[in-house]
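# Results of the structural survey
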Amino acid sequence: MQRSSLGAQPLSLPPVPEPPKGERLKNKVVLLTGAAQGIGEAIVAAFACQQARLVISDIQADKVESVAAHWRERGADVQALAVDVAQQRDLHTMARRAVELHGRIDVLVNCAGVNVFRDPLEMTEEDWRRCFAIDLDGAWYGCKAVLPQMLEQGVGSIINIASTHSSHIIPGCFPYPVAKHGLLGLTRALGIEYAPKGIRVNAIAPGYIETQLNIDYWNGFADPQAERQRALDLHPPRRIGQPIEVAMTAVFLASDEAPFINAACITLDGGRSVMYHD
Ligand SMILES: NC(=O)c1ccc[n+]([C@@H]2O[C@H](COP(=O)([O-])OP(=O)(O)OC[C@H]3O[C@@H](n4cnc5c(N)ncnc54)[C@H](O)[C@@H]3O)[C@@H](O)[C@H]2O)c1
């Protein structure tokens with residue numbers, strides 16, 4: 001869709017760039033949650049193009065199956081499952097499926113997540129529970145499901161898609177940053193706990209990334225283009241991030257190129273969080 005400089009027209013997502021092709025994840029068995037769209041979908045693309053064997057999942061069953069089918073048609077090894085990360089048994093089913101198919105699990109990427117932005121005192125108990133069930137419990141259930149297999153193998157890499165909200169607070173976003181701070185704590189605690197057993201646990205903290213989530217947010221303003229521009233101007237490079245940039249960072253952490261990176265968090269925000277704000 002052509003964007004209007006007058007801002008009257010709704011915004012749409014830019015086309016996803018073709019990920020680089022290579023063998024950086026050749027034969028690695030990768031489990032991924034939240035794979036139906038956005039950052040998760042870009043991770044599928046980047047990992048498939050580096051020859052990973054993927055078992056991907058999402059609560060949107062049809063959508064995640066069509067992502068898998070897209071990559072299978074291009075020769076990639078991608079299987080899809082319907083998984084609600086708030087349900088511990090779903091993650092165990094996913095881990096079992098990967099072992100049945102491939103005999104091992106090398107990488108888990110916990111990407112499923114939701115924005116829950118509420119006024120603290122007006123928020124319902126249900127909103128609080130939903131935020132923690134998906135953004136924190138879901139990642140823990142994923143880790144719990146794959147750790148026994150990784151321990152048996154003596155090797156594994158877990159990547160949690162955290163957020164700049166994992167270490168900074170933006171007013172009006174409660175309780176999302178509380179859960180994302182917890183996710184960073186989980187990353188560090190498990191990274192230290194399992195490092196002697198050959199398992200690395202790391203996080204990626206994206207800032208503002210151009211996904212449907214943000215397009216929908218901007219389209220809620222009278223001038224979506226102006227609101228998008230405002231977001232771009234907040235960042236030192238005068239742009240926001242693309243899902244593929246998060247995905248390529250995940251490729252690095254999942255590969256054999258990062259053996260001493262553990263309990264770490266890589267921030268992807270163009271340097272915004274380093275700046276001093278008045
Ligand atoms: N887009 C950003 O600016 C941004 C910034 C920082 C962090 N993140 C994080 O990145 C991750 C992906 O975000 P995105 O922007 O691609 O969002 P998105 O909404 O486009 O994708 C999230 C995916 O998670 C799935 N999901 C939601 N609830 C689920 C559940 N209970 N079980 C299984 N799957 C479920 C959704 O169906 C969707 O496919 C999230 O963890 C988010 O918090 C995003």
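Here the residue numbering is sequential within each chain, running from 1 through the sequence in written order. Reporting of local features is limited, given that this is a predicted model, to residues whose pLDDT is at least 70; pairs of side-chain atoms are given and counted only at 80 or more, and all residues count toward the totals for whole chains, interfaces and linings.

## Structural notes on the overall build of the chain
A run of DSSP states H or I qualifies as a helix once it reaches four residues; a run of E qualifies as a strand once it reaches two. Both are numbered from the N-terminal end. Secondary structure assignment for the chain yields 8 helices and 7 strands. Its C-alpha atoms give the chain a radius of gyration of 18 Å, within 12% of the compact-globule value 19 Å for 278 residues. Projected onto the principal axes, the alpha-carbon positions of the chain cover approximately 55 × 45 × 35 Å. Within the chain, the proportion of its 278 residues that are buried is 44%. Placing a C-beta atom from the backbone of each residue, one calls two residues in contact when those atoms lie within 7 Å. Of the contacts formed within the chain by residues at least 6 apart in sequence, a portion of 74% connects residues at least 24 apart. Put simply, the radius of gyration uses C-alpha atoms, and a globule should come to 2.2 Å times the residue count raised to 0.38. Counting other C-beta atoms within 10 Å of each residue's C-beta, where C-beta atoms are placed from the backbone, gives the exposure class: buried for 20 or more, exposed for 12 or fewer, partly exposed between.

## Section: the site of the ligand
In the region of the ligand, 28 residues are neighbours, and Gly34, Gly38, Ile39, Ala112 and Gly113 sit closest. At the level of secondary structure, the elements contributing two or more residues to the shell around the ligand comprise helix H1 (38–48) and helix H6 (212–219). Along the lines of polarity and charge, the residues of the shell around the ligand split into 15 nonpolar, 11 polar and 2 charged. Counting the residues that make up the shell around the ligand, at least three belong to each of domain 1 (29–206 + 243–268) and domain 2 (211–240). Each residue gets a C-beta atom placed from its backbone. If that atom is within 6 Å of a molecule or strand, the residue is near it. Just so you know the grouping, Ala, Val, Leu, Ile, Met, Phe, Trp, Tyr, Cys and Pro go in nonpolar, Asp, Glu, Lys and Arg go in charged, and all remaining residues, Gly too, go in polar. In this document the domain limits rely on a domain assignment from an automatic tool or a database.

## Quick look at the environment of Asp62
The residue Asp62 is located in helix H2 (residues 61–73) in this model. According to the C-beta neighbour criterion, Asp62 is exposed, with 10 such atoms within 10 Å.

## Some points on the domain arrangement of the chain
Split into domains, the chain comes out as domain 1 (29–206 + 243–268) and domain 2 (211–240). Between domain 1 and domain 2, the C-alpha centre-to-centre distance is 25 Å.

## Some remarks on the confidence of the model for the chain
The quantity called pLDDT is the predictor's confidence in a given residue, expressed from 0 to 100. Chain-level statistics for the chain give a pLDDT mean of 95 and a share of 97% at 70 or above. When the criterion is pLDDT under 50, residues 1–5 qualifies, and its contacts beyond four places in sequence or with other chains add up to 7 contacts.

## So, the nonpolar core
For soluble globular proteins, the rule of thumb is that nonpolar side chains tend to be buried together. Any set of buried Ala, Val, Leu, Ile, Met, Phe, Trp, Tyr and Cys residues joined through C-beta atoms within 7 Å is what this text calls a nonpolar core. Counting 74 residues, the largest nonpolar core has Val30, Ile43, Val44 and Ile56 as its most contacted members. With 10 residues, helix H4 (residues 125–153) is the largest single contributor of residues to this core. With sequence-adjacent residues up to four places away left out, Val30 is seen in contact with Leu25, Phe47, Ala52, Arg53, Leu54, Asp106, Val107, Val109 and Ala254.

## Side note on unusual backbone geometry
For the peptide bond that leads from Phe174 to Pro175, omega is 0 degrees, which places it in the cis range. Within the secondary structure layout, Pro175 lies in the loop between strand E5 (156–161) and helix H5 (176–194). Even without being glycine, Gln51 reaches a positive phi, approximately 65 degrees. The phi torsion at Ala263 lies on the positive side, around 55 degrees, for a residue other than glycine. Checked against the element boundaries, Ala263 lands in the loop between helix H8 (243–254) and strand E7 (265–268).

## Some words on the pairing of strand E1 (residues 29–32)
Residue alternation in E1 divides its side chains into two sets, Val29 and Leu31 and Val30 and Leu32, and both sets are buried. Looking at chain direction, E1 and strand E2 (residues 53–58) are connected through 4 bridges and run parallel. Residue pairing across strands places Val30 opposite Leu54, the latter belonging to E2. Note on handedness: a crossover is taken as right-handed if, strands pointing away from the viewer, the path from the first strand over the helix to the second is clockwise. The parallel pair E1 and E2 is bridged by H1, and the resulting crossover is right-handed. At least two bridges found by DSSP between two strands is the condition for calling them paired.

## Points about the sheet that holds strand E3 (residues 77–82)
As summarised here, the arrangement of the 7 strands in space is E3-E2-E1-E4-E5-E6-E7, forming an open sheet in which the pairing is parallel. The sheet is open, and its two borders are formed by E3 and E7, each paired with just one other strand. Taken pair by pair, the neighbouring strands of this sheet meet at an average axis angle of 15 degrees, ignoring direction. Across the sheet, helix H3 (residues 88–102) is in contact with E1, E2 and E3; its angle to E2 comes to roughly 155 degrees. Note on method: axes are straight lines fitted to C-alpha atoms, helices fitted across the in-contact stretch only, with angles between N-to-C directions ranging 0 to 180 degrees.

## Digging into H2
Each helix should span, by expectation, one fewer than its residue count multiplied by 1.5 Å. The first and last C-alpha atoms of H2 sit 18 Å apart over 13 residues, in line with the 18 Å expected at 1.5 Å per residue. For H2, the complete set of buried residues consists of Val64, Val67 and Ala68. The buried residues of H2 all sit within an arc of 95 degrees when viewed along its axis, so they share a single face. Facing away from the buried side of H2 by over 90 degrees, the exposed positions are Asp62, Ser66, Ala69 and Glu73. Looking at the residues trailing H2, positive phi occurs at Gly75, about 90 degrees. Read the arc as the range of directions from the helix axis to the C-beta atoms.

## Focus on the packing of H3 against H4
Where H3 meets H4, the axes come as close as 8 Å, and the angle between the chain directions of the two elements is 35 degrees. Crossing of H3 against H4: the hand is right-handed. Contacts between H3 and H4 involve Gln88, Leu91, His92, Met94, Ala95 and Val99 from the first element and Tyr141, Gly142, Ala145, Val146 and Gln149 from the second. Across the contact of H3 with H4, the residue classes break down as 7 nonpolar, 4 polar and no charged. Crossing handedness: left-handed means the near helix sits turned counterclockwise from the far one by under a right angle, and right-handed means the same turn made clockwise.

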